[in-house]
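Geometric and topological summary
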Amino acid sequence: MPSLPNRATASSAEVPALNPEGDLIGAKGHCEAPERMQAYFETLESARGCRQLVVIKGHPDPDSIASALAQRYLGRFFDIESTIVYFDEISHPENRALVKALEADLRQYREDMDLGAFDYMSFVDTQSPHLPVRVAKLPPILTFVDHHKMLGGFEAEFVDIREDCGATSSIYAEYMEHSAHGLRHGSAELSRLATALMHGIRSDTDNLLLAQPIDYRAGAYVRQYIDQDLLRLVSKQSITARTMDIIQRGLNNKVIKGTFLLAGVGFVREEDRDGIAQTADFLMRHEGVETAMVFGIVNGDVVDGSLRTSSATIDPDAWLKALFGADSAGRHYGGGRRNKGGFRIPLGLFARCRDREALWGIGKKTIEDLVFEKIGVEQAQHEKG
Ligand SMILES: [Mn+2]
């Protein structure tokens, strides 16, 4: 029997040091894009002492909130003063609780805010830098960090878009791990930031089910600094009674064609709009369904929808853009990333229609016809070979 190597002969210098959590001290994972990280910090250096507006577009979610906090934190090393702004309501009750638990200091846009007074804008976790409000003279874009499908068509000092990355939070974690501006122990604020990043990574990757290598590395890095109790608190998943109601309507109204499921859920209050996405997530679990699309009229004035897919042939971003097209300003009604997407189509003048039933009927019919026509055409093409 071969003898086992004697562990006692290894010199103590070869034994890596462990911190109390059992992690290797000073061990670093692989850095996916060292040049980009370097360029990121050089860009912040070039803006030393400036004021930046960190923009969250759409309804703030765990990944965008954590990324904005990371952008603010990293800016501080360069004396960059940051204001984090968001435009759309924080609709999901869990996200409202998250912002509170993180003491995140996010500002909702108000008309008396002078966005033009900032030196720069930085965008996180969003596909395009268009603001939902008109500002006479917008500041230039300092950094743009995201993981949605690349759209291009804008100028920025620094751009890092990684489509093969499950969460924008993971990109920020990489900047931190491989620079001198990383997370540290012993700071309540930094453990909140680490927790926010972990929650952002988990929530954008369906609890790591869809995680890419960078997401695992980022998770391994931030976990050393997280506040376990806080993470447990923010990731507790409850479904509100009103969301249950939306899911139920989705179940009742679903139409399945092949592997595609479409469900209209009628009128949804602004604060419950996240229920549409939650319904799409839920209906994806229907046996034999590869793609689920759920839509409703939110706030009485916009058709809002979510798409989820595990299909290898449907690219949500291209698919939704082709289906709904763009407005007269060229802005697409929909978009997405690898396995999920969303759309928002304003009803315009029709929002004033008092006959809600008729309005819903038109909205539903329009979406159903568009979708089923597209699926039909795709199927016919497929069958033709
Ligand atoms: Mn994201």
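Presented here is an overview of the structure given in this document. (Residues numbered from 1 in each chain as written. Predicted model: local features only at pLDDT ≥ 70, side-chain atom pairs only at ≥ 80, totals over all residues.)

**What to know about the overall build of the protein**
If you tally the helices and strands in the protein, you get 11 helices and 12 strands. Relative to the globule expectation of 21 Å for 385 residues, the C-alpha radius of gyration of the protein, 23 Å, shows essentially globular dimensions. In terms of principal-axis extent, the alpha carbons of the protein reach across some 80 × 70 × 45 Å. Across the 385 residues of the protein, 39% fall into the buried class. Pairs at least 24 apart in sequence give 64% of the contacts found in the protein among residues at least 6 apart. (Helix = DSSP H or I, 4+ residues; strand = E, 2+ residues; numbered from the N terminus. Rg over C-alpha atoms; globule rule 2.2 N^0.38 Å. Buried ≥ 20, exposed ≤ 12 C-beta atoms within 10 Å, placed from the backbone. Contact = placed C-beta atoms within 7 Å.)

**Points about helix α2 (residues 62-76)**
Along its 15 residues, α2 runs 21 Å from first to last C-alpha, staying within 8% of the 21 Å computed at 1.5 Å per residue. The buried fraction of α2 amounts to 13 of the 15 residues, a majority that puts the element mostly inside the structure. (Expected span 1.5 Å × (residues − 1).)

**Focus on the nonpolar core**
Ranked by size, the top nonpolar core spans 50 residues in total, and within it Ile 56, Tyr 172, Ala 194, Leu 197 and Val 222 carry the most contacts. Sequence-distant contacts of Leu 197, defined by excluding residues within four places in its chain, comprise Ala 66, Ala 70, Ser 169, Tyr 172, Ala 173 and Val 222. Counting residues in hydrophobic clusters, the runner-up holds 29 residues, among them Ala 263, Val 268, Ile 297 and Val 302. (Core = buried A, V, L, I, M, F, W, Y, C linked by C-beta atoms within 7 Å.)

**Re the sheet that holds strand β7 (residues 255-257)**
The strand order β7-β8-β9-β10-β12-β11 describes an open sheet built from 6 strands, whose pairing is mixed. The strands lining the two open edges of the sheet, one partner per strand, are β7 and β11 (334-336). Taken pair by pair, the neighbouring strands of this sheet meet at an average axis angle of 15°, ignoring direction. As paired elements, strand β8 (residues 260-268) and strand β9 (residues 291-298) share 7 bridges and run parallel to each other. Paired with Phe 267 across the bridge in β9 is Ile 297. Against the sheet, helix α8 (residues 241-253) touches β8 and β9, its axis set at about 130° to β8. (Pairing = 2+ DSSP bridges. Axes fitted to C-alpha atoms, helices over the stretch in contact; angles between N-to-C directions.)

**Let's talk about the sheet that holds strand β6 (residues 158-161)**
An order of β3-β2-β1-β4-β5-β6 is seen for the 6 strands of this open sheet, with the pairing classed as parallel. Both edges of this open sheet fall to β3 (107-108) and β6, since each of them pairs with a single strand only. Pairing between strand β1 (residues 51-56) and strand β2 (residues 81-86): 6 bridges, direction parallel. If you follow Ile 56 over to β2, its bridge partner there is Tyr 86. Here helix α1 (residues 34-46) sits on the sheet in contact with β5 (141-146) and β6, set at roughly 145° to β6. Most of the contacts of helix α4 (residues 168-177) go to β5, to which it runs at about 115°, and overall it touches β4 (120-124), β5 and β6.

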